[in-house]
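Per-entry structural report
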Amino acid sequence: MKCADIPLPELVRGDLPEDMASLVRAHLASCSRCRERARIMAVLEVSETARVTSTRRRVRPLAVAASVILAGILILLLRHLEVGQTSPNLAASWATDEAYPYVGLTVRSSENGSDQERSQAFSAYQHGEYAAAAKDLMRLESDPEVTFYLGVSLYLSGETEAASHYLSEAAQTEGWQEPARWYLANALLRDGQVSAARQTLTELTGEHGEFQRQAGELLQKLATVSDRSP
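Residues numbered from 1 in each chain as written. Predicted model: local features only at pLDDT ≥ 70, side-chain atom pairs only at ≥ 80, totals over all residues. Heavy atoms only, no water.

**Describing the overall build of the protein chain**
Going by this rule: In DSSP terms, a helix is any run of H or I states spanning at least four residues, a strand is any run of E spanning at least two, and both are numbered starting from the N terminus. Between buried and exposed lies partly exposed: a residue is buried under 20% and exposed over 50% of the maximum accessible area for its type, with that area taken using a 1.4 Å probe on protein chains only. Note on contacts: a residue pair qualifies if any of its non-hydrogen atoms lie within 4.5 Å across the two residues. For the area figures, the Shrake-Rupley method with a 1.4 Å probe applies, and any residue is considered shielded solely by the protein chains shown.
Across its full length, the protein chain holds 12 helices and 0 strands. The secondary structure elements of the protein chain, listed N-terminal to C-terminal, are α-α-α-α-α-α-α-α-α-α-α-α. Across the 230 residues that make up the protein chain, the buried fraction comes to 37%. The contacts of the protein chain with a sequence gap of at least 6 include a subset with a gap of at least 24, amounting to 58%. Of the roughly 13300 Å² that the protein chain leaves accessible, carbon and sulfur atoms contribute 52%.

Right, here's the structure in full:
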């Protein structure tokens, strides 16, 4: 959701259906600017409701009380987010949305049918069509490159459990260990498997590779997060 589209007043008043309210709360968890705007609105709502209560005590007393309670709960939620007491569901939003770049290792002949299929699969990947790329990659003969990009495509299309399988396999292959571990850690995080993600990230921080810094930063953010309750 874009900041300009966030219905903060409706959230504060309790007018949003639960599915939309969940989306807004998820946005607030990762956007400090909107979180501050919501906090101010909630404080103002409590103040305004208290003023109305003092001057019009006989008008909709239950609605007024409910509004105060709702705004108070929102303030507590925002404070909870600010101090970093993070749930696995929120921590999952920290997982990367960036695709690993693809650079073809060889120029392949367009006359070969399998080469055409491979070209089609990686073209879909490069255009951000990850579900289509995963479908095409599954048809190809397996090799380390296909296995890795299949795992990443599945991850980016939301199939995190299947992605973990292929990324675990790619992580055992020379030349793909580091990027495969990085995406594997993110897939585990999306699944709420924080301990397993943390272990994989710790392994990456011990290596002087391209993902050492990112792994360290994500590991710090996960310091107070536990696995999702079953």
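And the narrative resumes.
**Describing the pattern of salt bridges**
Where we set the bar: By definition here, a salt bridge exists when the distance from a side-chain nitrogen of Lys or Arg to a carboxyl oxygen of Asp or Glu is within 4 Å.
In total, this model carries 8 salt bridges according to the counting rule given. One salt bridge connects Glu 203 with Arg 181, and the closest N-O pair in it is separated by 3.8 Å. Separated by 22 residues along the polypeptide, Glu 203 in helix α11 (residues 194-205) and Arg 181 in helix α10 (residues 177-190) bring together distant segments of the chain. Residue class for Glu 203 comes out partly exposed when judged on its relative accessible area of 36%. By relative accessible area, which is 19% here, Arg 181 ends up buried. Salt-bridge contacts for Arg 213 lead to Glu 217; the nearest nitrogen and oxygen are separated by 3.0 Å. Here the residue Arg 213 and the residue Glu 217 both occupy positions in helix α12 (residues 212-221), the gap between them amounting to 4 residues, near one helical turn. Take Glu 217: its relative accessible area is 43%, and that puts it in the partly exposed class. It is possible to trace a salt-bridge network through shared partners that takes in Arg 118, Asp 143 and Glu 145.

**Considerations on the environment of Leu 218**
Its location among the elements puts Leu 218 in helix α12. Through-space distance from the C-alpha of Leu 218 to that of Arg 198 is 8.7 Å; in sequence the pair is 20 residues apart. When neighbours within four sequence positions are excluded, Leu 218 is seen to be in contact with Trp 94, Trp 182, Asn 186, Leu 189 and Leu 201.

**Digging into the packing of aromatic side chains**
Heads up, the rule is: Note on ring pairs: Phe, Tyr and Trp rings are taken, using the six-membered ring of Trp, and paired if centres are within 6.5 Å. Classes follow the plane angle, with under 30 degrees stacked, over 60 edge-to-face and the rest tilted.
Taken as a whole, this structure holds 15 aromatic pairs when the rule is applied. Between Phe 122 and Tyr 149 the ring centres are 5.4 Å apart and the planes differ by 85°, which places this aromatic pair in the edge-to-face class. You can see Phe 122 sitting in helix α6 (residues 113-126) and its partner Tyr 149 sitting in helix α8 (residues 144-156), a full 27 residues away along the chain. For Phe 122, a relative accessible area of 2% corresponds to the buried category. With relative accessibility at 3%, the residue Tyr 149 sits in the buried group. Here Tyr 155 and Tyr 183 contribute two aromatic rings whose centre-to-centre distance is 6.0 Å and whose plane-to-plane angle is 70°, an arrangement assigned as edge-to-face.

**Here we look at the side chain of Ser 153**
As for its placement among the helices and strands, Ser 153 is situated in helix α8. Apart from residues no more than four positions distant in its own chain, Ser 153 is found in contact with Tyr 125, Tyr 130, Ala 133, Ala 134 and Leu 137.

**Things to note about α11**
As a reminder of what qualifies: The span one expects for a helix is its residue count, reduced by one, times 1.5 Å. Throughout, the arc means the angular range of directions from the helix axis out to the C-beta atoms.
Here α11 contains 12 residues, and its C-alpha end-to-end distance of 16 Å stays within 8% of the 16 Å for a straight helix at 1.5 Å per residue. Within the span of α11, buried status applies to Val 194, Ala 197, Thr 200, Leu 201 and Leu 204. Each buried residue of α11 lies within a common arc of 130° when the element is viewed along its axis, so the set occupies one face.

**Digging into the packing of α11 against α12**
The following threshold applies: Here an angle of 0 to 180 degrees is reported between the N-to-C directions of two axes, which are lines fitted to C-alpha atoms, with helices fitted over the stretch in contact. Each angle is binned into one of four classes, with values under 35 degrees roughly parallel, values over 145 roughly antiparallel, values of 65 to 115 roughly perpendicular, and all other values oblique. Crossings are assigned a handedness: left-handed for a near helix turned anticlockwise from the far helix by less than a right angle, right-handed for a clockwise turn. Under the grouping applied here, Gly and all other residues not named as nonpolar or charged are polar, the nonpolar ones being Ala, Val, Leu, Ile, Met, Phe, Trp, Tyr, Cys and Pro and the charged ones Asp, Glu, Lys and Arg.
Contact geometry of α11 with α12 gives a least axis separation of 8 Å together with a crossing angle of 140°. In terms of orientation, α11 lies oblique with respect to α12. Relative to α12, the crossing made by α11 is left-handed. Each of Arg 198, Leu 201, Thr 202, Leu 204 and Thr 205 in α11 lies in contact with α12, whose residues at this interface are Gln 212, Ala 215, Gly 216, Leu 218 and Leu 219. Of the residues that constitute the contact of α11 with α12, the class distribution is 5 nonpolar, 4 polar and 1 charged.

**A look at the state of the cysteines**
Note: disulfide means a covalent bond formed between the sulfur atoms of two cysteine side chains. Put simply, the test is: By convention in this document, the label disulfide applies to cysteine sulfur atom pairs within 2.5 Å.
By the definition in use, this model includes 0 disulfides. Cys 3 forms no disulfide, and the closest cysteine sulfur to it belongs to Cys 34, at a distance of 3.6 Å. A relative accessible area of 23% places Cys 3 in the partly exposed class. For Cys 34, a relative accessible area of 0% puts it in the buried group.

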